Amino acid sequence: LTLPNASTTLAPTSRILANPALQAEETWAYELGHRVQATANFSVDTALFFNRLHNLRVTQVNPALAPTLPAPLTTALQFVNGMDGEAYGGELAAHWMVAEGWRLSGAYTLFKLDLHRASGIGASAEAAERQDPQQQVYVRSSFDLPANVQLDVIGRWVDRISGFNPTGRSEEHTSELQSHSFISY
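Residues numbered from 1 in each chain as written. Predicted model: local features only at pLDDT ≥ 70, side-chain atom pairs only at ≥ 80, totals over all residues. Heavy atoms only, no water.

**Quick word on the packing of aromatic side chains**
To keep things clear, this is the line we draw: Geometry of aromatic contacts follows a simple scheme: Phe, Tyr and Trp rings, the Trp one being its six-membered ring, pair when their centres are within 6.5 Å, and the pair is stacked under 30 degrees between planes, edge-to-face over 60, tilted otherwise. The numbering of helices and of strands both runs from the N terminus, where a helix is a DSSP run of H or I of at least 4 residues and a strand a run of E of at least 2. Think of it in three bands: residues with accessible area under 20% of the maximum for their type are buried, residues over 50% are exposed, and the middle band is partly exposed, with areas taken using a 1.4 Å probe on protein chains only.
What the rule picks out here adds up to three aromatic pairs. For the pair F49 and F111, a centre-to-centre distance of 6.2 Å together with 20° between the ring planes defines the contact as stacked. Placement of F49 in strand β4 (residues 42-61) and of F111 in strand β6 (residues 102-117) is noted, with a sequence separation of 62 residues between them. On the accessibility criterion, F111 (22% relative accessible area) is partly exposed.

What follows is the structure, encoded as structure tokens:
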């Protein structure tokens, strides 16, 4: 796979080459959850999880393969199993039937990711641990209207993402508050 150059006026310089030694990524996932039905109209859910991640795939420059590339390509990349890690967190959610045809629900989610790169793998590989929000809050109000029409109003807050930088500017992606409304039938 030849990678295009960041500048469209320049020829590509990198190619990803096959790695026959690449192994499948592995995940051992553990989850514990519980629901309390406090009343006929109100329930609370809790969930905790812990995932062990092995043989995570990262790209690595392989200088030994550079001479095999046709001009103007100069950099040979390969996928290698170069990281392990842990992902863990939990969620607290509540559901309330306020009245016939009106439901409220909300949730708080915490997510953490810790990655550990193998020797020889660049520090930038661990940047993925900052590309997901660590906290999120979600609130939803649903109304059943006549003629099988439903109105949903949703509010959501997403924590900042420090490792996500699609614009190339130096600032972090800050936390944001969103709201959405939907009518369905």
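**Brief notes about the pattern of salt bridges**
Here is the rule: Whenever a carboxyl oxygen of Asp or Glu lies within 4 Å of a side-chain nitrogen of Lys or Arg, that contact is scored as a salt bridge.
Applying the stated criterion across every chain, the model contains five salt bridges. Its salt-bridge partner being R52, residue E86 comes within 2.5 Å of it at the nearest N-O pair. Residue E86 is located in strand β5 (residues 75-99), and its partner R52 is located in strand β4; the two are separated by 34 residues in the primary sequence. Residue R52 is classed as partly exposed on the basis of its relative accessible area of 29%.

**Focus on a nonpolar patch on the surface**
Filter applied, for reference: Excluding any residue in a salt bridge, patches collect residues exceeding 30% relative accessible area, merging like charges within 9 Å and nonpolar Val, Leu, Ile, Met, Phe, Trp and Tyr side chains within 5 Å. The accessible surface values rely on the Shrake-Rupley method and a 1.4 Å probe; as for residues, cover is taken only from the protein chains in view.
A surface patch of nonpolar side chains, amounting to about 370 Å² of accessible area, comprises L92, Y108, L110, V137 and V139. Listed by contribution, the elements that provide at least two residues to the nonpolar patch are β6 and β7 (135-145). Inspection of the secondary structure puts V137 in strand β7.

**Description of the environment of H54**
Put simply, the rule is: A contact between two residues is defined here by any heavy atoms of the two lying within 4.5 Å.
By secondary structure assignment, the location of H54 is in strand β4. On the basis of relative accessible area, H54 is assigned to the partly exposed category, the value being 22%. Sequence spacing of H54 and E26 is 28 residues, and the spatial spacing of their C-alpha atoms is 5.0 Å. Excluding residues within four positions of it along the chain, H54 makes contact with E25, E26, W28, M83 and D84.

**Notes on the nonpolar core**
Using the following cut-off: Within this scheme, the nonpolar core is defined by two criteria: the residues are buried Ala, Val, Leu, Ile, Met, Phe, Trp, Tyr or Cys, and they are joined through side-chain atoms within 4.5 Å.
Of all hydrophobic cores here, the largest spans 10 residues; its members are L53, L56, V58, V80, M83, A87, L113, L115, I121 and A125. Aside from chain neighbours lying at most four places away, what touches M83 is H54, N55, L56, V58, L115, H116, R117, A125 and E126.

**Focus on unusual backbone geometry**
Of note in the backbone geometry, A147 takes a positive phi value of approximately 65° without being a glycine. Examined against the element boundaries, A147 turns out to sit in the loop between β7 and β8 (149-158). You can call A147 exposed: its relative accessible area is 70%. Not every positive phi belongs to a glycine, and N148 is a case in point at roughly 55°. Along the chain, N148 turns up in the loop between β7 and β8.

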